[in-house]
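Secondary and tertiary structure notes
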Amino acid sequence: MDCGQQYPVDRIIYVCETCGGLLDVCHDFDAARISRELFDQRLGSLQTPYRSGVWRYKELVYPAVPDDQIVSRPEGNTNLYHSPTLAKWAGVKTLYLKHEGENPTGSFKDRGMTGGLTQARVLGVQRVACASTGNTSASLAAYAAFAGIEGIVFFQNRQIALGKLAQAVAYGATCIQVNADFDRNMTLVREVADTLGIYVLNSVNPFRLEGQKTIIIETLQQLRWQVPDWIVVPGGNLGNSSAFGKALHELHELGLIDRLPRLAIVQAEGANPLYRSYEHGLNGLEPVHAETIATAIKIGNPVNYAKAVRALRWTDGVVEQVSDQEIMDAKALIDRQGIGCEPASACSLAGTAKLVSKGIIRQGETVVGILTGHILKDPEATIQYHSGTLADIESAYSNALHQAEPSLEAISQILETRQAVS
Ligand code: F0G
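Throughout what follows, the structure given in this document is the object of discussion.

1. Structural notes on the sheet that holds strand S6 (residues 199–200)
- Read across the open sheet, the four strands follow the order S5-S4-S3-S6; overall the sheet is parallel. Both outer strands of the open sheet, strand S5 (174–177) and S6, are each paired with one neighbouring strand and no more.
- When strand S3 (residues 127–132) meets S6, the two strands line up parallel, connected through two bridges. Considered in S6, the bridge of Val-128 is made with Tyr-199.
- Helix-sheet contacts for helix H7 (residues 182–196) involve S3, strand S4 (150–155) and S6, and the interaxial angle to S3 is about 165 degrees.

Written out as structure tokens, the structure reads:
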């Protein structure tokens, strides 16, 4: 990452042999070709691969790859919701929510996976694998199937997201439930891959992060390149945070934006190793045992720690933590807007509100919060919240399910007596 050692693009390697850090994809950008106009011209294009919200920015993602090697659904082109109601609730003037749950398999992972599977095809590998809390597995399984490559997924032993498992099984991946948590699986998949010659598509793979950069690039294009004051993102394995930092740094260096927004990374209190490190000056990571209702970010030993620290330094960023209560309340509010997201995504809104209350985000500022996944992930948490059955969580914004006999009278009674949901 920082030591300057370079490796050829067709070598399978994740960790630098000199410094032990993760690798970056380094581009020799063709600055003369890269322009806002080029990306604007491609908006609305029906041409493959440029109609993808990742490959529209090909010159910033993987300039040299031949178009016919690209594995694309296509992905991206997700909505940026302007939400005055949620802005008011969080205490800021302007809030946008970028909904990455609107990707083909229901999460931002598709943006990384198109990059990762494209590189897998370039390298000619036969098998790709990942450990996953859910979304990566569904995405890998779908993109591997699309590319005609075998996908292998390691699921953890507890709190498996059923919908995600269903996707991975249905898309035809080899699914293995390992008796271990995500962090152990992350190490295991790298061991197995090294020994058996399988290509790893977790976010240790730098080609994944190149795709994920486009969450930022697309957001800026949607904002007509007006840079917001803050970008707020949930942090788990910290791939997104790392990709966002790289994207912003590159866009700034290339002159596509004239200033940098500040990055706020929000973790769940029960899975907060980056937050703890931040409190101690970002001088190293102590892994934690992770527990949170936000299963997507139930990660205690994030592999991208060093890159996330770099992103924080580049953007004068901050780290915040939020409780499961704050996550579920923020999620209920996002859901009620008709936007909807899974629990981890709600860290963006909960974290914004917290940072405003601390005076770190100021009221007049513009915030973009990233919603990383679809409302249909972890639906049992949603139902339990609304029925008031979540242990240790109060359901301040619940919308309970009514039970009724099949009669006009019973239904009328419910409709007349129910409390209107505000
Ligand atoms: N939000 C969602 C919905 C996720 O699925 C993940 C990660 C994150 C946030 C955290 O992103 O790792 O880039 O900081 N999910 C991974 C998975 C770990 O296996 O699906 P990060």
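Now that the structure has been shown, we can carry on.
2. Some thoughts on the pairing of S3
- Judged by how many residues are buried, S3 sits mostly within the fold: five of six residues are covered.
- Bridge count between S3 and S4: six bridges; the pairing is parallel. Looking across to S4, one finds that Val-128 is bridged to Gly-151.
- Traced from S3 through helix H5 (residues 135–147) to S4, the parallel crossover comes out right-handed.

3. Quick look at the environment of Gly-124
- Mapped onto the fold, Gly-124 is located in the loop between helix H4 (109–123) and S3.
- The exposure class of Gly-124 is partly exposed, given its relative accessible area of 43%.
- Along the primary structure Gly-124 and Gln-363 are separated by 239 residues, whereas in three dimensions their C-alpha atoms are 51 Å apart.

4. Describing H5
- Taking 1.5 Å as the rise per residue, H5 with 13 residues should run 18 Å; its terminal C-alpha atoms sit 18 Å apart, in good agreement.
- Close packing links the buried residues of H5 with H4, S3, S4, helix H6 (162–170) and helix H8 (206–222).

5. As for the site of the ligand
- What surrounds the ligand is a group of 20 residues, the closest being Thr-133, Thr-136, Gly-236, Asn-237 and Thr-372.
- A distance of 2.8 Å is found between an oxygen atom of the ligand and a side-chain nitrogen or oxygen belonging to Ser-132.
- Burial of the ligand by the protein chains amounts to 99% of its free accessible area of 480 Å².
- Among the elements of the structure, H5 and helix H9 (239–253) are those that each provide at least two residues to the shell around the ligand.
- Across the shell around the ligand, the residue classes break down as six nonpolar, 12 polar and two charged.

6. Section: the nonpolar core
- Ranked by internal contacts, the top residues of the largest apolar core, which has 83 residues, are Leu-117, Val-128 and Phe-244.
- Setting aside residues no more than four positions away along its own chain, Val-128 makes contact with Ala-120, Leu-140, Ala-144, Ile-149, Glu-150, Gly-151, Ile-152, Ile-198, Tyr-199 and Leu-201.
- Core analysis: the second largest hydrophobic core is formed by 40 residues, Ala-346, Leu-355, Leu-371 and Ile-393 among them.

7. What about the packing of H9 against helix H11 (residues 305–315)?
- Two elements in contact, H9 and H11, have axes separated by 8 Å at closest approach and are oriented at 40 degrees. What the angle tells us is that H9 and H11 run oblique. Viewed along their axes, H9 and H11 form a crossing whose handedness is left-handed. Along the contact surface, H9 presents Ser-241, Ser-242, Gly-245, Lys-246, Leu-248 and His-249, while H11 presents Lys-307, Ala-308, Arg-310, Ala-311, Trp-314 and Thr-315.

8. Let's talk about the packing of aromatic side chains
- Scanning all chains against the criterion turns up three aromatic pairs.
- Judged by centre distance (5.1 Å) and plane angle (70 degrees), the ring pair of Phe-39 and Tyr-57 falls under edge-to-face. Taken together, the positions of Phe-39 in helix H1 (residues 36–41) and Tyr-57 in the loop between H1 and helix H2 (58–61) put the pair 18 residues apart, joining distant regions of the chain. Taken as a pair, Phe-39 and Tyr-57 share a single burial class, namely buried.
- When the centroid spacing of 5.4 Å and the interplanar angle of 40 degrees are considered together, the rings of Tyr-62 and Phe-207 count as tilted. Placement of the pair is Tyr-62 in the loop between H2 and strand S1 (80–82) and Phe-207 in helix H8, with a sequence separation of 145 residues.

9. Remarks on the side chain of Asn-135
- Tracing the sequence through the fold places Asn-135 in helix H5.
- A relative accessible area of 6% means that Asn-135 is categorised as buried.
- At 2.8 Å, the side chain of Asn-135 forms a polar contact with the side chain of Lys-164.
- Sequence-distant contacts of Asn-135, that is, excluding residues within four places in its chain, are made with Gly-106, Ser-107, Lys-109, Lys-164 and Lys-377.

10. What to know about the side chain of Lys-109
- By the secondary structure assignment, Lys-109 is in helix H4.
- At 9.7 Å, Asp-110 is the nearest oppositely charged side chain to Lys-109, a buried residue that forms no salt bridge.
- Among all residues touching Lys-109, those that are not within four sequence positions of it are Asn-135, Thr-136, Ser-139 and Arg-208.

11. As for the sheet that holds strand S2 (residues 94–99)
- Strand order across the open sheet formed by six strands is S1-S2-S10-S7-S8-S9, with mixed pairing between neighbours. Both edges of this open sheet fall to S1 and strand S9 (318–322), since each of them pairs with a single strand only. In this sheet, neighbouring strand axes are inclined to one another by 25 degrees on average, regardless of whether the strands run parallel or antiparallel.
- Bridge count between strand S7 (residues 230–234) and strand S8 (residues 262–268): five bridges; the pairing is parallel. Considered in S8, the bridge of Val-233 is made with Ile-265.
- Where helix H12 (residues 324–336) meets the sheet, its contacts fall on S2, S8, S9 and strand S10 (366–371), and the angle it forms with S9 comes to roughly 90 degrees.
- Lying on the sheet, helix H13 (residues 347–357) is in contact with S2, S7, S8, S9 and S10; it crosses S9 at an angle near 110 degrees.

About the cut-offs
Residues numbered from 1 in each chain as written. Predicted model: local features only at pLDDT ≥ 70, side-chain atom pairs only at ≥ 80, totals over all residues. Heavy atoms only, no water. Pairing = 2+ DSSP bridges. Helix = DSSP H or I, 4+ residues; strand = E, 2+ residues; numbered from the N terminus. Contact = heavy atoms within 4.5 Å. Axes fitted to C-alpha atoms, helices over the stretch in contact; angles between N-to-C directions. Buried < 20%, exposed > 50% of the residue type's maximum accessible area, 1.4 Å probe, protein only. Right-handed = clockwise from strand over helix to strand, strands pointing away. Expected span 1.5 Å × (residues − 1). Near = heavy atom within 4 Å. Polar contact = N/O pair within 3.5 Å; in protein donor to acceptor, adjacent residues only side chain to side chain. Areas by Shrake-Rupley, 256 points an atom, 1.4 Å probe, with all protein chains shown as cover. Nonpolar A, V, L, I, M, F, W, Y, C, P; charged D, E, K, R; others polar. Core = buried A, V, L, I, M, F, W, Y, C linked by side-chain atoms within 4.5 Å. Parallel < 35°, antiparallel > 145°, perpendicular 65-115°, else oblique. Left-handed = near helix turned anticlockwise from the far one by under 90°. Phe/Tyr/Trp six-rings, centres within 6.5 Å; stacked < 30°, edge-to-face > 60°. Lys, Arg positive; Asp, Glu negative; His and termini not counted. Salt bridge = Lys/Arg side-chain N within 4 Å of Asp/Glu carboxyl O.

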